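Fold and contact review
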Amino acid sequence: MRVKRAMGILALAALGAAGAAAAPPAAGGSADDARVKARVEALLAKMTVEEKVGQCEQIAGAAIFPGAPKPDEAIARGAAGSLLWLNDTKKFNELQKIAVEKSRLGIPLLFGLDVIHGYRTIFPVPLAMASSWDPSVHERAAAVAAKEARAAGLHWTFAPMLDIARDARWGRIVEGAGEDPFLGAAMAAAQVRGFQGPKLGTPDRVLASAKHFAGYSAADGGRDYDPAYIPDAQLHNVYFPPFKAAVDAGVGTVMSAYMDLNNVPAAGNKWLLTDVLKRDWGFKGFVITDAMAAGSLVTQHFARDRKDAAFRAFTAGNEMEMASGPYPEHLPALVKEGKVTMAQLDAAVRRILEIKVRMGLFENPYVDEARAAQVIGAPEHHAEARLAAQRSMVLLRNEGKTLPLSTSLKSVAVIGPLADSMTATEGSWMVFGHTPAATTVLAGLKAKLPGAAIAYAPGPEIRRDFPSMFDAMFPGGNKPAQSAADADAALQKAVEAAKGAEVVIAVMGEEANMAGEAASRAMLDLPGRQEELLKAVVALGKPVVLVLLNGRPLSINWAAEHVPAILEAWEPGSEGGHAVADVLFGDVNPGGKLPVGFPRSGAQSPLYYARTTTHAPDGSPFAGKSRYWDVLTTPLYPFGYGLSYSTFSYANLKPAAAQVRVGAKVAVSVDVTNTGTVAGDEVVQLYVHQKAGSDSRPQRELKGFRRVALKPGETQTVTFTLGPDELRYWSSSQRKWVQDAEAFDLWAGGDSNASLHAEMTVVPAAAAAARK
Ligand code: BGC
């Protein structure tokens, strides 16, 4: 990939021009829209074909490819609309000056970069943020990330990633909201609001990019970049909803995905990018390919050559091309030959210029270099990051009330290869050039227990069996492997440390480069010798707490039976170590819930709760214990699951009316009570099941959730609304959206196995009206 990227840049040196297809930009109507339109049309009227194509090209910042040609010349020639893979405030101004003062039309550049879960202040990874089941936390995190990124001179983030992931083997599950489209859509909209603010051009915010459209997460075998075969019904009902939510929330750009979707590359997929996204959903922004994806159409044996690739990517609906060069190389000729019309090129350029105008780049092209130091890493950002980490942690097990621990502990052993790893604490996807700087769990524990003796021993190291193509960019990624003898000694040392302590805190899981792009796994167990170490310390008979740092669900089957307390801390970010200590010592009562079930084995993947079933649902006489004879069918921990230091009970689940018309809404309420002795949060979840219909319907689907804070003994009534948005679905048999008049089961509770049950019936609109 690095090589490919470098080649992309080299190709760019010879720049020409580019462009894409599709519908006209926002029709608008307001004075603001008229102003934007006038400015865009005035520019367009002056542009040459090459300049138009230039706006459609995103070039790579030379910073990450030493020796690559400098982008200055292309920018001066008007041959670049945007730039990525550069993270240098001063340089941004230098390049922008070239665009604004030296290029013929002075059109400013958009500087884009992957700011996924923070710029300098790092928030928990998106999968963790989804575990908060609190969209407001995710919105604020995105706003902080935007503020820091903008202060650094960036305008555009390639986030949020909205791929619904039901296969934990796929490493990029870490970047999304997990397995469920309803939760995913809520988190999608929250992130768009957080990144962009109420409208494009809001100060301190950035342009967002909903990615990867669409189906990337359904790669065969969980292997990153492999093809996805997704039936229409699943695309519409599962994979699209977060993207639709992002579009409805006003996302300015969408990134098309790499892989083949039903044998048509997503980047060359007109149905996806033009018919669904722009025609059906009315998306008014622009689409950018993923990195090198246009050129990759040739590798995918879809396009004949790079010219054909440019043609197909452009006419499919990618207005902008990321860093591989086929647009500048071939679009001008395609226009000249009439294969791409000037109207198509203009339509693409309009969308891009419109975003630039709305972002205020023409008025404010430069970044205030002095301000960056005041904004980036501000104390209030760290406070938000700590809160987000606290809220995203999920307590998986707490036998005999092992947790919370007492702060009067005198000796604690902190073991495991991730206990003092800043990279594992910050997690996957740091911005280019980021220096790890997190408070590790070890540091957090030391701060929490200043008087205690803390023995630290990491045990054997963990590493990937096969290196990542990104390892060179990963701090420590290239360090030589530990010898077997050193690993044995490290294991022994960790056991010795545990022997001398009152409590053992084992910090284990996956290093940051074990999840993310090009980080698929076949097995989902604890890598390396972590479980061996865990067994050895549990055998000592002391209280052991397992803190997991990881970017995907793990099959921790042994731990789930033998380790008394397990906290899923995910990759919790800059303040992760403090937040872990806050939870372990009871300053914070954990209230996060899993946004994805934990499989018992990688071989169960894909695994998700909202599935349809044939005649033998689990528990029926035909089912047996499992569909497998060697592993249970059920997940180790179900979707929506998470414990608290308190307990909660549910009662009085009822729809406001037993019958609701097709198209109408009904309120559904449930009482939740804190039955424990401490205050805590519970995520109240509402699941529905349509008993019959045009198509088979999933056994359960999440259709409402709310995180509530309850004092001991307190009861709250939580009310959800069910209406056509929640009850309709795209039907395979009808080939359209339907809302059936059918009977429904409802369940409410604290996870996807919720047992409190009620029923309601949706009746035909006319029949209900007639009965009135
Ligand atoms: C990833 C995208 C990312 C892009 C730019 C690609 O390899 O798939 O998610 O935005 O690189 O860095």
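Quick summary incoming for the structure in this document. (Residues numbered from 1 in each chain as written. Predicted model: local features only at pLDDT ≥ 70, side-chain atom pairs only at ≥ 80, totals over all residues. Heavy atoms only, no water.)

Spatial strand order, β4-β3-β2-β1-β10: 5 strands in an open sheet with parallel pairing. This sheet does not close on itself; its edge strands, each paired only once, are β4 (156-157) and β10 (321-322). Across 3 bridges, strand β2 (residues 82-84) lies against strand β3 (residues 110-113) in parallel orientation. When the sheet's bridge partners are listed, Leu-84 is paired in β3 with Gly-112. (Pairing = 2+ DSSP bridges. Helix = DSSP H or I, 4+ residues; strand = E, 2+ residues; numbered from the N terminus.)

Let's shift gears to the pairing of strand β26 (residues 756-763). Here 3 bridges tie strand β18 (residues 659-661) to β26, and the two strands are oriented parallel to one another. Residue pairing across strands places Gln-659 opposite Thr-761, the latter belonging to β26. Sheet topology note: the strand β25 (residues 743-749)/β26 ladder contains 6 bridges and is antiparallel. When the bridges of β26 are listed, Trp-747 appears paired with His-757. The antiparallel pairing of β25 with β26 creates a hairpin that spans 6 residues between the two strands.

Overall, the coordinates contain 20 aromatic pairs when judged by the stated rule. Aromatic side chains Trp-156 and Phe-158 sit 5.1 Å apart centroid to centroid with 65 degrees between the ring planes, which places their arrangement in the edge-to-face category. You can call Trp-156 buried: its relative accessible area is 0%. For Phe-158, a relative accessible area of 1% translates into the label buried. With a centroid separation of 6.0 Å and an interplanar angle of 40 degrees, the aromatic rings of Phe-240 and Trp-271 are classed as tilted. Of this pair, Phe-240 sits in the loop between α9 (232-239) and α10 (241-248) while Trp-271 sits in helix α11 (residues 270-280); the two residues are 31 residues apart in sequence, bridging distant segments of the chain. Pairwise contacts between aromatic rings join Trp-133, Phe-182, Tyr-609, Phe-639, Tyr-687 and Phe-705 into one cluster. (Phe/Tyr/Trp six-rings, centres within 6.5 Å; stacked < 30°, edge-to-face > 60°. Buried < 20%, exposed > 50% of the residue type's maximum accessible area, 1.4 Å probe, protein only.)

The next thing to look at is the site of the ligand. Around the ligand, the structure places 15 residues, and the nearest of them are Asp-114, Arg-172, Lys-211, His-212 and Asp-290. Arg-172 places a side-chain nitrogen or oxygen 2.7 Å from an oxygen atom of the ligand. Side-chain polar atom of Tyr-258 to an oxygen atom of the ligand: 3.0 Å apart, as the coordinates give it. Coverage of the ligand by the protein chains reaches 100% of its 310 Å² of free accessible surface. (Near = heavy atom within 4 Å. Polar contact = N/O pair within 3.5 Å; in protein donor to acceptor, adjacent residues only side chain to side chain. Areas by Shrake-Rupley, 256 points an atom, 1.4 Å probe, with all protein chains shown as cover.)

Within strand β12 (residues 411-415), 5 of the 5 residues are buried, which leaves it mostly tucked inside the rest of the structure. Side chains Ser-411, Ala-413 and Ile-415 of β12 all project onto a buried face; the interleaved residues Val-412 and Val-414 project onto the opposite face, where all are buried too. Bridge count for β12 against strand β13 (residues 453-457) is 5 bridges, and the pairing is parallel. Bridge pairing in β13 links Val-412 to Ile-454. Across 4 bridges, the pairing between β12 and strand β14 (residues 503-509) is parallel. When the sheet's bridge partners are listed, Val-412 is paired in β14 with Val-503.

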